[in-house]
Amino acid sequence: MPGSFKTEAVVLRSIRFGEADRVLHLYTAARGRIGAIAKGSRKPRSRFGGRLEPFFRLDMVLHEGRGDLSTVTGVHTVNAYASLRASGPALGAAARGCDAVLRLLDSPEPNPAAYNLLCRYLTLLDGEDAAGLRTALAFRLKLALAAGFAPELNACARCGEADGLTAFSGAAGGVVCGACQRDGFEISAEAHRFMLDALGRPLAEAPAADDRALRLAERAITTTLEHHAHVHLRAAA
Ligand SMILES: [Zn+2]
């Protein structure tokens, strides 16, 4: 239905288009993932200024026409995340986070949990020392949950057994017991605990774990999303 609408949005990707325009991949609060065109936004005196860059959180007015892309008609900055922009590791983490959102959430349906999680992650990356692997993995786990693909962590994903959960199977979509292990890989108790705690706590309190446990958790998340969401995420750090 053509017409204007307002929404908050995070710029996931910003692509130069034509002489002076930009095409934006946006994750919006009101409509989930959408594409938009910002006409004239690369002209020196554009009223959009420098706001249409990745990781900006914006209040936007968009016009929905007949095509796939909405047209940007108004923009105010909610948060530019200036400190994030000044840090190489934080920029890398934000880029991987936005890439995960792009791959995992491609529908134009509102998903407030996913939108709020993305904003919280950008806020953390804008602060001190939050660019680490454990926070990146906690973000992925919570994003998988928001997208409907969280791994089963409380009982064997094949038989429901609650004890002896020594392996993880991406095909089964969760931890598995010794009897159901077949295509799985061994997972440490610490890696299992990390995933449970990361899902159970706020993003800002991502649990500590040793590097081996974090890598096992990453493999568990990655293989689950490959099998069930059919997306392959880049390395988390
Ligand atoms: Zn089992």
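For the structure given in this document, a descriptive report is provided here. Just so it is clear, the structure is predicted and the values come from calculations on it, not from any experiment. (Residues numbered from 1 in each chain as written. Predicted model: local features only at pLDDT ≥ 70, side-chain atom pairs only at ≥ 80, totals over all residues. Heavy atoms only, no water.)

1. Focus on the packing of aromatic side chains
For the record, the criterion: Paired rings are identified among Phe, Tyr and Trp, the last through its six-membered ring, by centres lying within 6.5 Å, and are further divided according to the angle between planes into stacked (under 30 degrees), edge-to-face (over 60) and tilted (the rest). The helix count covers DSSP runs of H or I at least four residues long, the strand count covers runs of E at least two residues long, and both are numbered beginning at the N terminus. Exposed residues in this analysis have more than 50% of their type's maximum accessible area, buried residues have under 20%, and partly exposed residues fall in between, with area computed by a 1.4 Å probe over protein chains only. Placement of a charge over a ring requires the Lys NZ or Arg CZ to be within 6 Å of the ring centre, with the centre-to-atom vector within 35 degrees of the ring normal.
All chains considered together, the criterion is met by 2 aromatic pairs. With 4.3 Å between their ring centres and 15° between their planes, Tyr121 and Phe139 make a pair best called stacked. Linking Tyr121 in helix H3 (residues 112-125) with Phe139 in helix H4 (residues 133-147), this pair joins segments that are 18 residues apart in sequence. Ring geometry for Phe168 against Phe185: centres 5.9 Å apart, planes inclined by 40°, an arrangement best described as tilted. A residue pair is termed long-range when its members are at least 10 positions apart, and Phe168 in strand E6 (residues 167-169) and Phe185 in strand E8 (residues 185-186) qualify at 17 residues. With relative accessibility at 0%, the residue Phe168 sits in the buried group. Positioned above the aromatic ring of Phe5 is the side chain of Arg31, whose terminal nitrogen or guanidinium carbon lies 3.6 Å from the ring centre.

2. Side note on the environment of Val176
Note the threshold: Contacts between residues were defined by any pair of non-hydrogen atoms, one from each residue, lying within 4.5 Å.
For Val176, the location among the structural elements is in strand E7 (residues 174-176). Assessed through its relative accessible area of 0%, Val176 is described here as buried. C-alpha separation for the pair Val176 and Arg33, spaced 143 residues apart in sequence, amounts to 34 Å. Those residues within four positions of Val176 in sequence are excluded, and the remaining contacts are Cys156, Ala157, Arg158, Gly164, Leu165, Thr166, Ala167, Phe168, Ser169 and Gln181.

3. Details of empty space enclosed by the protein
What counts, and what does not: Lining residues are those with an atom within 4 Å of a point, where the points come from a 1 Å grid over the protein atoms alone and group into cavities, where a 1.4 Å probe fits but cannot get out, or pockets, open sets with protein on both sides within 12 Å along at least five of seven lines. Grid points are joined across faces, edges and corners, and a volume is the space filled by probe spheres set on the points. For this classification, the nonpolar set comprises Ala, Val, Leu, Ile, Met, Phe, Trp, Tyr, Cys and Pro, the charged set comprises Asp, Glu, Lys and Arg, and every other residue, Gly included, is treated as polar.
Using the criterion set out here, one finds 1 cavity of 30 Å³ or more in the structure. Each pocket or cavity is described by its volume, and for the largest cavity that value is around 50 Å³. As for the largest cavity, its lining consists of Ala93, Arg96, Gly97, Tyr121, Ala136, Phe139, Arg140 and Ala236. Here the residues of the lining of the largest cavity sort into 5 nonpolar, 1 polar and 2 charged.

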